[in-house]
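# Results of the structural survey
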Amino acid sequence: MGTRYALGVNDSQLRRLLNERSPWRARASWEADDPDLRAAAQLPLSYEPQPLADIRPPGLYVLRGPRRVGKSLELKRAVRRLLADGVNPKSVFFCACDGL
């Protein structure tokens, strides 16, 4: 039996959750299916502030802020940049914590 965390999930459930929320770990075409990136591409204006432009692996980064200001979109754009720079997709994961 795996370790239980305060969230009430064990190791295998946590791994599954991280893989579900980090689709680039399993498939290269994740960008076309991502609803945040798709919606941003269809906006009439392009705004990319890049608050995470200076992130470098290895590292753990947390982006905090109020709801609906574009945190998830900017994180996914940062993931896209990291992968384009050759970072191993399995070393990058995303986990929105608002439901935890």
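See above for the structure.
Everything in this summary refers to the structure shown in the same document.

Conventions adopted
Residues numbered from 1 in each chain as written. Predicted model: local features only at pLDDT ≥ 70, side-chain atom pairs only at ≥ 80, totals over all residues. Heavy atoms only, no water. Helix = DSSP H or I, 4+ residues; strand = E, 2+ residues; numbered from the N terminus. Polar contact = N/O pair within 3.5 Å; in protein donor to acceptor, adjacent residues only side chain to side chain. Contact = heavy atoms within 4.5 Å. Phe/Tyr/Trp six-rings, centres within 6.5 Å; stacked < 30°, edge-to-face > 60°. Buried < 20%, exposed > 50% of the residue type's maximum accessible area, 1.4 Å probe, protein only. Expected span 1.5 Å × (residues − 1).

### Description of the side chain of Ser-22
Considering the arrangement of structural elements, one finds Ser-22 in the loop between helix H1 (11–21) and helix H2 (30–33). A distance of 3.0 Å separates the side chain of Ser-22 from the backbone oxygen of Leu-18, its partner in a polar contact. Sequence-distant contacts of Ser-22, defined by excluding residues within four places in its chain, comprise Val-92, Phe-93 and Phe-94.

### Some words on the packing of aromatic side chains
Per the counting criterion, the structure on display carries one aromatic pair. Ring centres 4.9 Å apart and planes at 65° place the aromatic pair Trp-24 and Trp-30 in the edge-to-face group. The residues Trp-24 and Trp-30 share a single accessibility class, namely buried.

### Description of helix H4 (residues 71–84)
Compared with an ideal rise of 1.5 Å per residue, which puts 14 residues at 20 Å, H4 spans 20 Å between its outermost C-alpha atoms and is within 8% of the ideal. Restricting attention to buried positions, one finds in H4 the residues Leu-73, Glu-74, Lys-76, Arg-77, Ala-78, Val-79 and Leu-82. Buried-residue contacts for H4 involve H2 and helix H3 (35–41).

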